[in-house]
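Here's the letter readout for the chains.
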Amino acid sequence: MRSPRGAWSLAGLLGGLAGLAASHLVAALLHVRSTPVVAVAELAVRLTPPGLVEWGIEAFGVFDKAVLVLVILVALSAVFAWAGHLGRRSWWLTLLPYGVLAGIGAVAVLVVPGSTPSTDLLPVLAGLLTWVVATALLSVPLRVQDGRAAAGPGAAPARGGSEDGTGDGTEVDAETGLSAPNRRSLLVRMGAVGAVAVLAGLGGEVLARRRQGVERARSLLGLQVTRPTVPPAARIGLEGVTSWETPNPDFYVIHTAFAVPTIDPADWRLRIHGMVDRELVLSFDDLFSGRLTERWTTLNCVSNEIGGDLIGNAWWSGTLTQQVLSLAGVQDGADAVLQTSEDGWTCGTPLEALTDDRQAMLAVAMNGQPLPVEHGFPVRTLVPGLYGYVSACKWVVDWEVTRFDRFSAYWTENGWAEQGPVKMGSRIDVPRSGEELPAGDVIAGGMAWFQHTGISGVEVSLDGGAWTPGEVADSRRIDSWFQWRAVLPDVPTGEHVLRVRALDPDGTPQTGVVADTVPDGATGWHEVDFTVTEG
Ligand SMILES: Nc1nc2c(c(=O)[nH]1)N[C@H]1C(S)=C(S)[C@@H](COP(=O)(O)O)O[C@H]1N2
Ligand SMILES: [Mo]
């Protein structure tokens with residue numbers, strides 16, 4: 001007897017819903033703004049004639065999007081059931097509707113304004129993968145049944161064992177049309193797929209709601225901070241050079257957390273303990289008991305390659321770590337603060353950098369906005385002159401004042417240096433590598449930095465020739481990077497290599513010795529190739 005159609009459809013439906021749940025969970029984990037289903041709903045609204053949309057809004061009021069999502073879910077369920085049904089004919093036929101659905105989901109996700117394909121497509125992929133796996137799992141007992149059915153009644157396996165492992169089951173249930181072992185196997189598989197789907201769906205929902213709650217708390221904060229104003233002298237005025245100030249959405253993001261911590265400012269605490277006279281537990285409000293410090297500071301990553309872009313400059317507002325630590329009273333012999341974030345990541349920061357006059361801070365705002373969640377909301381540490389991996393703890397919740405010889409922090413455990421003062425660096429933004437330029441003067445430009453030390457200039461070298469000075473904008477603000485430009489007079493036609501190096505305050509040039517980013521930051525000169533053509 002062949003397996004019943006209903007079982008195939010049910011398997012398709014269950015597998016399909018499991019896929020949706022998986023995509024929901026992955027979207028929530030990655031904080032993708034629109035889950036595939038929501039993205040499809042948005043796309044549908046965009047593609048629908050405006051009159052119809054208005055009617056929908058009028059008819060359903062504020063719930064128009066929820067209604068649309070519901071309609072999409074019902075339609076999807078029908079497709080899932082149909083996909084399962086197709087599986088009865090052949091295995092690969094099932095994949096067809098899933099492939100089409102994933103394609104629609106992918107397109108919808110990608111046309112969401114400001115989407116980033118590398119992450120936003122992952123929920124779609126997770127959904128597709130789950131569809132395939134779940135459907136395959138669920139259809140095994142049905143296929144086993146059909147394999148036997150196709151062989152005809154005389155081919156029923158002998159009692160006591162068969163190639164498909166159904167054991168003794170030749171009796172077929174009148175209601176489901178399945179043999180007892182196959183029915184049991186199907187039920188077990190459905191239970192497993194269903195349980196995983198429910199867990200993934202609920203997990204995704206919990207995460208998404210928490211994130212929404214924190215985003216709401218963030219938007220309601222209304223911090224008394226100022227908006228950034230860029231000092232005019234910081235601009236070199238050359239098209240193509242990186243913006244001196246980095247807007248929040250463009251600021252590089254690095255962290256080990258898979259799911260970004262979601263902390264309500266009302267619940268945030270920083271515990272300060274270890275080698276201190278008084279243990280402290282600070283609340284978010286405590287950070288506002290004194291005056292906030294606001295300043296421009298450039299943050300960069302130790303794993304930034306020569307010419308790389310893991311560096312940004314922002315206007316940060318916060319409470320000086322110096323003040324906080326003097327409240328706690330640091331004891332003699334301590335030389336480090338072991339910082340821990342809510343997600344368990346750790347870094348070891350030299351006590352001196354947190355207590356000297358460089359204005360290290362517990363930052364609450366970035367470019368006049370509460371910290372974006374990805375950048376450590378509600379509180380992160382920021383220390384001018386140190387790479388992020390030893391200083392810029394996001395979602396910071398614990399400070400242990402201690403000694404470097406008593407612990408080993410996250411990246412130090414993984415082969416990176418215990419101490420991470422930033423190295424002098426510079427980069428060419430124009431001309432871009434591979435660019436073709438007309439004959440004549442070439443104006444080059446880019447960025448240079450040496451936070452907390454500053455630079456006295458930059459030099460460029462064309463085709464390995466003599467180093468000639470460029471011009472640096474506003475070199476007084478030593479904790480931020482600098483824009484620079486240099487005029488290369490009358491560059492002849494042909495292929496060229498341009499190099500740049502910065503000079504420290506003593507005039508010592510940045511080293512040309514090439515070093516890898518591991519263990520304590522890359523060195524070497526950035527270079528670009530460009531071609532000058534006639535006319
Ligand atoms: N909690 C936490 N904080 C962290 C990290 C991390 O992995 N987890 N990475 C550090 C590293 S290596 C860098 S370079 C900076 C990057 O900060 P950003 O993502 O705000 O640019 O954060 C630092 N703070
Ligand atoms: Mo980093």
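Provided above is the structure to which this section pertains.
Keep in mind it's a predicted model, so treat the numbers as computed, not measured. (Residues numbered from 1 in each chain as written. Chains lettered and ligands numbered in written order. Predicted model: local features only at pLDDT ≥ 70, side-chain atom pairs only at ≥ 80, totals over all residues. Heavy atoms only, no water.)

**Looking at a nonpolar patch on the surface**
On the surface, Trp91, Trp92, Leu95 and Leu96 cluster together into a nonpolar patch covering about 420 Å² of accessible area. Structurally, the position occupied by leucine 96 is in helix 5 (residues 91–110). (Patch = residues over 30% accessible without salt bridge, like charges linked within 9 Å, V, L, I, M, F, W, Y side chains within 5 Å. Areas by Shrake-Rupley, 256 points an atom, 1.4 Å probe, with all protein chains shown as cover. Salt bridge = Lys/Arg side-chain N within 4 Å of Asp/Glu carboxyl O. Helix = DSSP H or I, 4+ residues; strand = E, 2+ residues; numbered from the N terminus.)

**Description of the site of ligand 1**
Taken together, 19 residues lie near ligand 1, and Tyr252, Thr256, His375, Arg380 and Lys394 sit nearest. In the model, an oxygen atom of ligand 1 is placed 2.9 Å from a nitrogen or oxygen of the threonine 256 main chain. Between an oxygen atom of ligand 1 and a side-chain N or O atom of arginine 380, the distance comes to 2.7 Å. Relative to its unbound accessible area of 530 Å², ligand 1 is 99% covered by the protein chains. (Near = heavy atom within 4 Å. Polar contact = N/O pair within 3.5 Å; in protein donor to acceptor, adjacent residues only side chain to side chain.)

**Observations concerning the pattern of salt bridges**
Taken as a whole, this structure holds 17 salt bridges when the rule is applied. Of the charged contacts, one joins aspartate 479 and arginine 295 as a salt bridge, the two residues approaching to 3.0 Å between their closest N and O atoms. Of this pair, aspartate 479 sits in the loop between strand 16 (471–472) and strand 17 (482–491) while arginine 295 sits in strand 3 (residues 293–300); the two residues are 184 residues apart in sequence, bridging distant segments of the chain. Neither aspartate 479 nor arginine 295 differs from the other in exposure class; each is buried. One salt bridge connects glutamate 471 with arginine 485, and the closest N-O pair in it is separated by 3.8 Å. Placement of glutamate 471 in strand 16 and of arginine 485 in strand 17 is noted, with a sequence separation of 14 residues between them. What makes arginine 485 partly exposed here is its relative accessible area of 21%. (Buried < 20%, exposed > 50% of the residue type's maximum accessible area, 1.4 Å probe, protein only.)

**Thoughts on the packing of aromatic side chains**
Going through the model one piece at a time under the given rule, you end up with 13 aromatic pairs. For the pair phenylalanine 251 and tryptophan 316, a centre-to-centre distance of 5.9 Å together with 85° between the ring planes defines the contact as edge-to-face. Of the two residues, phenylalanine 251 is situated in the loop between helix 8 (180–219) and strand 1 (269–274) and tryptophan 316 in strand 4 (residues 311–320); the sequence distance between them amounts to 65 residues. The same class applies to phenylalanine 251 as to tryptophan 316, namely buried. These aromatic residues form a ring-pair network of at least three members: Tyr389, Tyr410, Trp411 and Trp416. (Phe/Tyr/Trp six-rings, centres within 6.5 Å; stacked < 30°, edge-to-face > 60°.)

**Here's the deal with the sheet that holds strand 14 (residues 457–462)**
Pairing is mixed across the open sheet formed by five strands, whose spatial order is 12-19-18-14-15. Two strands lie at the open edges of the sheet, namely strand 12 (435–438) and strand 15 (468–469), each paired on one side alone. In this sheet, strand 15 lies alongside strand 14 in antiparallel orientation, the contact comprising two bridges. Bridging from a neighbouring strand, glutamate 459 pairs with proline 469 of strand 15. (Pairing = 2+ DSSP bridges.)

Everything listed is a geometric property; what it means functionally is a separate question.
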